Amino acid sequence: MTTREQPPGAAVAPRDKYVDWLRALSLIVVVVWHWAFTILEWGPGGPEPTSPLGFTSGLWILTWLLQVLPLFFYVGGHVHLLSWRRAGARGTGIGAFVWRRIRALAVPALALAGVWAAAGAIVTWAVPIDWMWRVVLLVLSPLWFLGVYIVLIALLPVALWLHRRYDMLALVWLGGAALVVDVVRFRYGVGWVGWLNMVVVWGLAHQAGFFYERIVALPRRYDVGVLWTGLFALFGLVYSGIYPGSMVGVPGDKWSNMAPPTFVIVALLIFQIGIVEVLRPAMERLLDKPGWRRVNETINRFALPLYLFHTTGMAIALGISWWLFGSLGQKVPPDLWWWLERPIAVLGPLVCTLPVIYLFGRRRPRAEQTHDRR
């Protein structure tokens, strides 16, 4: 294995089942989080989502493990690099490769958005429901990360050039840029500049995926070192008093570490890379077992459709609840009974999402099939 990107015709490492697991699991964690931990309050403008993190002291620490989008972008960068090597070996140009992957993600996302926009228009025309467009926005809002992901795919030629030309320096520069954006945003009060980190921070996570093979090859003591580096960085940044502790938006925090992302997400990325590498030997042994191999194949088959349609299923489940019980409002702050209901709260959206996947999402986008099996 070379230390830089291999040329398109170079030999490629065999399929990595752990990569499959990490990518699918990261999407499923986001889905379950939305289903189980979204609280809807009914305001004058319609349903307003909030989170139990705003009402439960210390629970934000769980987001250091459960906010897995940094890991998703990291694994995505590795998969894109492998896929490009294979495509290049077959003679595909970088432009055609990028366009095919953009189209594979954008078409189902735009189709879903179009269906919901049409539903919103029809309902508001037929029935005077002022908050219908609010519902449409809530259903489609989790797709924001696909928009960022598509932008990073469009920038893939630039990212590959930076990787070939500057190697590790590209990560250093992106990390420095993310920090400078935060300084300008928080020290000098230029709020809009923070949105640059939507590309810089997630671009860094994606670029880090190009180094996946080198990270895997490191001795185990380095994995532990990466984990502790990220953990100490998180601790220092959060307890500096500048950044919130939660890795998701929480009502009452002065700002969110995710919208737009802050430099804290860079520390979270390092921490999570360390965790997955420390767990790698045990997980690879587990995933070699026939039962777990089938589980891995199944969740990889359905993870992306599940993510695309999970808020649609959630909206259907809430609509049925409204029709049966006449109310969508939930108890705020959540009580013990609400917490005990969390496993059950996942069942309704799941049952309502599965038919939608069966009708519209059984075929995964070809460009997102794991590691281009050809």
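Residues numbered from 1 in each chain as written. Predicted model: local features only at pLDDT ≥ 70, side-chain atom pairs only at ≥ 80, totals over all residues. Heavy atoms only, no water.

1. So, the confidence of the model for the protein chain
(1) Moving on: Per-residue pLDDT for the protein chain averages 86, and the proportion of residues at 70 or more is 90%.
(2) Moving on: At the low end of the mean pLDDT range in the protein chain sits strand E1 (residues 39-43), at 76; at the high end sits helix H9 (residues 197-208), at 97.
(3) Moving on: Taken together, the stretch residues 1-10 has pLDDT below 50 and engages in 26 contacts with residues farther than four places along the chain or on a different chain.
(4) Moving on: Across residues 364-374, where pLDDT falls below 50, the model places 38 contacts with residues more than four positions away in sequence or in other chains. (pLDDT = per-residue confidence, 0-100. Helix = DSSP H or I, 4+ residues; strand = E, 2+ residues; numbered from the N terminus. Contact = heavy atoms within 4.5 Å.)

2. Remarks on the packing of aromatic side chains
(1) Moving on: Per the counting criterion, the structure on display carries 24 aromatic pairs.
(2) Moving on: Seen in terms of ring centroids, Phe72 and Phe145 are 5.1 Å apart; in terms of plane orientation they differ by 85 degrees. Their pairing is edge-to-face. In this pair, Phe72 is assigned in helix H3 (residues 69-89) and Phe145 in helix H6 (residues 144-154), connecting sequence segments 73 residues apart. Comparing Phe72 with Phe145 shows no difference in burial state: the two are buried.
(3) Moving on: An angle of 35 degrees between the planes, with centres 4.7 Å apart, marks the rings of Phe235 and Tyr239 as tilted.
(4) Moving on: Since its relative accessible area comes to 53%, Tyr239 is described here as exposed. (Phe/Tyr/Trp six-rings, centres within 6.5 Å; stacked < 30°, edge-to-face > 60°. Buried < 20%, exposed > 50% of the residue type's maximum accessible area, 1.4 Å probe, protein only.)

3. Structural notes on the environment of Ile273
(1) Moving on: By secondary structure assignment, the location of Ile273 is in helix H12 (residues 264-287).
(2) Moving on: Residue Ile273 is classed as buried on the basis of its relative accessible area of 7%.
(3) Moving on: Sequence separation of Ile273 and Val226 is 47 residues, and the distance between their C-alpha atoms is 7.3 Å.

4. Points about the side chain of Gln272
(1) Moving on: Along the polypeptide, Gln272 turns up in helix H12.
(2) Moving on: Residue Gln272 is classed as buried on the basis of its relative accessible area of 4%.
(3) Moving on: Residue contacts for Gln272: discarding those within four places in its chain leaves Trp64, Leu65, Gln67, Val68, Pro70 and Leu71.

5. Considerations on H9
(1) Moving on: Its twelve residues place the ends of H9 15 Å apart at the C-alpha level, agreeing with the 16 Å of an ideal helix rising 1.5 Å per residue.
(2) Moving on: Taken across its twelve residues, H9 has eleven buried, putting it largely inside the fold.
(3) Moving on: By the burial criterion, the buried members of H9 are Asn197, Met198, Val200, Val201, Trp202, Gly203, Leu204, Ala205, His206, Gln207 and Ala208.
(4) Moving on: Residues of H9 that are buried make contact with H3, H6, helix H7 (156-166), helix H8 (168-187), helix H10 (212-217) and H12. (Expected span 1.5 Å × (residues − 1).)

6. Details of unusual backbone geometry
(1) Moving on: In this structure, Pro260 follows Ala259 across a cis peptide bond, with omega equal to -5 degrees.
(2) Moving on: Examined against the element boundaries, Pro260 turns out to sit in the loop between helix H11 (220-238) and H12.
(3) Moving on: Phi is positive for Asp167, which is not a glycine, with a value near 55 degrees.
(4) Moving on: Secondary-structure assignment places Asp167 in the loop between H7 and H8.

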